[in-house]
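Coordinates in review
So the chains spell out like this:
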Amino acid sequence: MSAVSPEVPDPEAAEPTPEEEIPRVSCFFRYYGIIVRIWGFFTVLALGVSTWWLMTRRDDYPFTSWYTMSTVIVIGLLELIWVINFCAVCKDDGSICCTFWRLCVWIDNWRKTIIYVLLAVPEFVIDKNPALVPIAAGSIIVLLGILYLFKTCESCSCCQDKRHSEPSESTKQEKTKASDKRSKASKSLHGKETGKGESLELIKSTDRQRH
């Protein structure tokens with residue numbers, strides 16, 4: 001009966017290392033997305049207060065009061081998209097609803113910048129009496145749009161943390177240990193195969209002497 005040969009470990013198979021080729025952003029953008037999301041909720045809250053102030057004086061601000069109310073609803077829905085998308089557990093089956101939701105999620109970063117800047121322009125249109133509240137509301141919206149514009153740079157290659165392009169000392173040590181283990185396994189396997197070959201040659205020579 002022929003002996004079953006043991007499984008040959010692949011000497012080229014490298015063990016995974018924790019810090020090898022992991023894309024990481026620089027320290028400035030590491031928590032930038034969370035900061036922008038928090039500022040978005042503060043913006044919605046500030047616009048809600050501005051809407052209340054303008055609605056109590058809508059005789060003096062007939063256009064700005066209703067427009068600010070519409071703006072806070074639109075911005076509030078846009079800022080809630082990522083929360084709903086994070087909590088969603090339904091499967092994308094390609095239906096119309098899922099297609100519409102993908103479009104909503106697609107509106108982010110620089111796309112929100114364009115929408116927010118366009119929404120902020122009418123806030124600077126003065127009604128009968130000039131007021132600081134509509135101008136402040138428009139400025140807050142523009143600032144939120146600028147923050148989303150910088151958020152677009154978060155995934156750019158120029159903003160990646162260059163320090164992680166080179167492996168650390170611990171990673172180098174782990175790679176060295178893994179390489180040593182693979183070389184030892186390869187040598188051990190080669191030695192076993194050599195021993196088997198010598199045993200077969202010895203058996204063959206013994207059979208020849210008997211005959």
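Our next topic: the nonpolar core. Counting 18 residues, the largest nonpolar core has Leu47, Ile75, Tyr116 and Ile141 as its most contacted members. Secondary structure elements with two or more residues in this core: helix H2 (32-55), helix H3 (62-87), helix H5 (110-120) and helix H6 (132-151). Look past the residues within four positions of Tyr116 in its chain and what remains in contact with it is Ile75, Leu78, Glu79, Ile141, Leu144, Gly145 and Tyr148.

Mapped onto the elements of the fold, Ser50 is located in helix H2. According to the relative accessible area criterion, Ser50 is buried, its value standing at 11%. Leave out the neighbours within four places in its chain, and Ser50 touches Val133 and Ala137.

Across all of its chains, the model carries three aromatic pairs by this definition. With 5.8 Å between their ring centres and 40° between their planes, Trp53 and Tyr61 make a pair best called tilted. A relative accessible area of 24% means that Trp53 is categorised as partly exposed. An angle of 15° between the planes, with centres 5.7 Å apart, marks the rings of Phe63 and Tyr67 as stacked. On the criterion of helical spacing, the pair formed by Phe63 and Tyr67 is a turn pair, its members being four residues apart in helix H3. Residue Phe63 is classed as partly exposed on the basis of its relative accessible area, which comes to 39%.

In this section: the pattern of salt bridges. On inspection of all chains with the given rule, the structure shows three salt bridges. With a shortest N-O distance of 3.1 Å, Asp108 and Arg37 are connected by a salt bridge. Placement of the pair is Asp108 in the loop between helix H4 (96-106) and H5 and Arg37 in helix H2, with a sequence separation of 71 residues. Residue classification places Asp108 among the buried positions, given a relative accessible area of 16%. We note a salt bridge from Lys112 to Glu79, for which the minimum N-O separation is 3.7 Å. Of the two residues, Lys112 is situated in helix H5 and Glu79 in helix H3; the sequence distance between them amounts to 33 residues.

Reading guide: rules and limits
Residues numbered from 1 in each chain as written. Predicted model: local features only at pLDDT ≥ 70, side-chain atom pairs only at ≥ 80, totals over all residues. Heavy atoms only, no water. Core = buried A, V, L, I, M, F, W, Y, C linked by side-chain atoms within 4.5 Å. Buried < 20%, exposed > 50% of the residue type's maximum accessible area, 1.4 Å probe, protein only. Helix = DSSP H or I, 4+ residues; strand = E, 2+ residues; numbered from the N terminus. Contact = heavy atoms within 4.5 Å. Phe/Tyr/Trp six-rings, centres within 6.5 Å; stacked < 30°, edge-to-face > 60°. Salt bridge = Lys/Arg side-chain N within 4 Å of Asp/Glu carboxyl O.

So far we have only geometry, and geometry alone does not tell us how the molecule works.
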